[in-house]
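# Report on the structure
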Amino acid sequence: MFNLGGYGPIILSGTLTTIELSILSLIVSFLIGLLGASAKLSRSRIAVGIATVYTTIIRAVPDLVLMLLLFYSLQIWLNDLTDALGLDQFNLDPFTSGVITLGFIYGAYFTETFRGAFMSVPRGQMEAARSFGMRRFYAFRRILFPQMMRYALPGLANNWQVILKATALVSIIGLSDIIKATQDAGKATFNTFFFSVLAAVVYLVLTTASNGVLMLLQKRYSVGVRRAAS
Amino acid sequence: MIDIIQQYWRPLLYTDGYTMTGVAMTLWLLVISCLIGFCLAVPLAVARNARNPFIRLPVWTYVFVFTGTPLYVQLLIIYTGIYSLSIVQHTSFLNAFFRQGIDCTLLAFALNTGAYTTQIFAGAMRDMAFGEIEAARAIGMSGFTLYRRIIIPSSLRRALPLYSNEVILMLHSTTLAFTATVPDILKVANDANSATYEPFWSFGIAGVLYACISFTLIFTFRRAEHRFLAFLRR
């Protein structure tokens, strides 16, 4: 049963690729989300407009369509750019384009999560921080961000689960992740069923484990919240 | 861009001359899988809240497995995995079923959306105001009547906003059908890309079509919420 037909190491490295890809995409989309949320809540009409167009379009178009669109177009645009600048051709590998596209797509979902969370923090908190003489960034880091995270965590947990599952799509644009590894192994050993189920089990373990971590984080960020005993 | 539209507008919208393709195919996948998923989800959601663990746990496991793994993996298991089993290849009706990409796709989509919908409906049933149930009991309703007249209609209404979200996500998931050779919008766009080497316009047009469908669905669900959740309006 545990004889993976010599494909153990490939499947293990595929699993690691999947984990790396999801964590990097999470970081990129987290940063884009923070940027997008601040743009949406800013006073500038142009920033609000750009952020609204971004979140609306991204959330209306399927992620796979966007992924194929960006994966194929990014390379063409990059070639045009390097041609125009007279540089050598620079090839994007599937991993980098995977991170860029997943980060860009899920940044829109994070923007909405963070926007809601920022709005849930009482206004007085920021005003009090400012009146103490904290600089804008300092007040954001010490006052707004920690409190915002408490409201954002449930949405963040959800987005993380979605990103983790969306990494499965990146094998379609040729990344050797867990799906590619298990499919190759299955085709070579004529045991596609076993290896496909194995991929599902790996994903199930990953989602369950990350659920545990997120519950711990939830506890940490809820320190200081009093709950009525139920 | 213009030549892609001129050449591919017919397959993108409804047919390539032989079979149903494009928007028609995507909508067909969406409607059938959501219908089957809905019919699965209502009884399963009731079972999910049952007191008996032998009823509750199998449903919990089904939801756990299907929401914990990517739909693409589920599709791969059903489309390439199950067909490779010799028992399936040697049983004639199973062979006939699993050989068709569209059957496997519909099965995977229905099971997947069924699991998410079960989760949504079960949550809505759990969160029902206890007074409603108490009142129904006081009138003397039996268990079945209570579910049929009170719990199911009320919780389905309240689940509407979340359910609309799930339908939109399902629309986005139907794009995976092209990996099982089902000619949906993305498959046609992919063909257009291979023929013209214009990925931005090929996939961009597909994106616009998907966005139109998304916005139509959102608008329809808004109207439905306005009507069915009128009692929550302030």
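What counts and how
Residues numbered from 1 in each chain as written. Chains lettered and ligands numbered in written order. Predicted model: local features only at pLDDT ≥ 70, side-chain atom pairs only at ≥ 80, totals over all residues. Heavy atoms only, no water. Patch = residues over 30% accessible without salt bridge, like charges linked within 9 Å, V, L, I, M, F, W, Y side chains within 5 Å. Areas by Shrake-Rupley, 256 points an atom, 1.4 Å probe, with all protein chains shown as cover. Salt bridge = Lys/Arg side-chain N within 4 Å of Asp/Glu carboxyl O. Helix = DSSP H or I, 4+ residues; strand = E, 2+ residues; numbered from the N terminus. Buried < 20%, exposed > 50% of the residue type's maximum accessible area, 1.4 Å probe, protein only. 1 Å grid on protein atoms, 1.4 Å probe; cavity = no way out; pocket = protein on both sides within 12 Å on 5 of 7 lines; lining within 4 Å. Points joined across faces, edges and corners; volume = space filled by probe spheres on them. Nonpolar A, V, L, I, M, F, W, Y, C, P; charged D, E, K, R; others polar. UniProt positions renumbered as here; feature names shortened; annotations may be inferred. Core = buried A, V, L, I, M, F, W, Y, C linked by side-chain atoms within 4.5 Å. Contact = heavy atoms within 4.5 Å. Phe/Tyr/Trp six-rings, centres within 6.5 Å; stacked < 30°, edge-to-face > 60°. Lys NZ or Arg CZ within 6 Å of the ring centre and 35° of its normal.

What follows concerns a nonpolar patch on the surface. A contiguous nonpolar surface patch, about 810 Å² in accessible area, is contributed by A:Ile76, A:Trp77, B:Met1, B:Ile5, B:Trp9, B:Leu13, B:Tyr14, B:Phe200 and B:Trp201. Listing elements by their share of the nonpolar patch, those giving two or more residues are helix 3 (63-85) of chain A together with helix 1 (2-13) and helix 12 (199-228) of chain B. When residues in the nonpolar patch are grouped by element, the largest group, three residues, is from helix 1 of chain B. Along the chain, A:Ile76 turns up in helix 3. By relative accessible area, which is 35% here, A:Ile76 ends up partly exposed.

We now examine the layout of surface pockets. All names here are of chain A. Looking at the second largest pocket, its volume works out to about 830 Å³. Residue lining of the second largest pocket: 17 residues in total, with Leu41, Arg123, Met126, Arg136 and Leu144 positioned closest to the centre. When contributions to the lining of the second largest pocket are tallied by element, the ones reaching two or more residues are helix 1 (8-41), helix 4 (94-120), helix 5 (123-131) and helix 6 (136-166). For the lining of the second largest pocket, a count of residues per class yields ten nonpolar, two polar and five charged.

This part covers the UniProt feature "transmembrane region" (unreviewed entry) in chain B. All names here are of chain B. The feature "transmembrane region" (unreviewed entry), as given by UniProt, occupies residues 20-47, 59-82 and 200-221 in the numbering adopted here. The span residues 59-82 shows a helical share of 88% and a strand share of 0%, and its end C-alpha atoms are spaced 22 Å apart. Counting secondary structure, residues 200-221 comes out at 100% helix and 0% strand; the distance between its end C-alpha atoms is 31 Å.

Right, let's get into the UniProt feature "transmembrane region" (unreviewed entry) in chain A. All names here are of chain A. Under the UniProt annotation, "transmembrane region" (unreviewed entry) lies at residues 6-34, 46-74, 94-111, 151-173 and 193-217. Annotated as 93% helix and 0% strand, the span residues 6-34 places its first and last C-alpha atoms 44 Å apart. The straight-line gap between the two end C-alpha atoms of residues 193-217 is 36 Å; of that span, 100% is helix and 0% is strand.

A side chain with one charge may pair with a side chain of the opposite charge, provided their charged atoms come close. Applying the stated rule across the entire model yields five salt bridges over all chains. B:Arg158 is the salt-bridge partner of B:Glu132, the closest N and O atoms lying 3.9 Å from each other. Remark: B:Arg158 occurs in helix 9 (residues 143-158) and B:Glu132 occurs in helix 8 (residues 130-139); sequence separation between them is 26 residues. Judged by its relative accessible area of 28%, B:Glu132 falls in the partly exposed class. For B:Arg158, a relative accessible area of 37% gives the class partly exposed. Between B:Lys187 and B:Asp191 there is a salt bridge; the shortest N-O distance is 3.3 Å. Placement of the pair is B:Lys187 and B:Asp191 together in helix 11 (residues 185-196), with a separation of four residues, close to one helical turn. One network of salt bridges, with partners in common, ties together A:Lys40, A:Glu112 and A:Arg115.

This part takes up the nonpolar core. Ranked by internal contacts, the top residues of the largest apolar core, which has 120 residues, are A:Phe114 and A:Met148. Of the residues forming this core, the biggest block, eleven residues, is contributed by helix 6 of chain A. Apart from residues no more than four positions distant in its own chain, A:Met148 is found in contact with A:Leu34, A:Phe114, A:Ala117, A:Phe118 and A:Val121. With six residues, the next largest nonpolar core counts B:Val59, B:Tyr62, B:Val63 and B:Phe66 among its residues.

Right, let's talk about the packing of aromatic side chains for a bit. Under the definition given, this model contains 19 aromatic pairs over all chains. Ring centres of B:Trp60 and B:Phe64 lie 5.0 Å apart, and the angle between their planes is 5°; this geometry places the pair in the stacked category. Here B:Trp60 pairs with B:Phe64, and both are found in helix 3 (residues 53-68), just four residues apart, close to one helical turn. Its relative accessible area of 39% is what places B:Trp60 among the partly exposed residues. According to the relative accessible area criterion, B:Phe64 is partly exposed, its value standing at 27%. Linked through ring pairs, A:Phe118, A:Phe137, A:Phe140 and A:Phe145 together constitute an aromatic cluster. A cation over an aromatic ring shows up here: B:Arg227 above the ring of B:Phe228, its NZ or CZ 5.6 Å from the ring centre.

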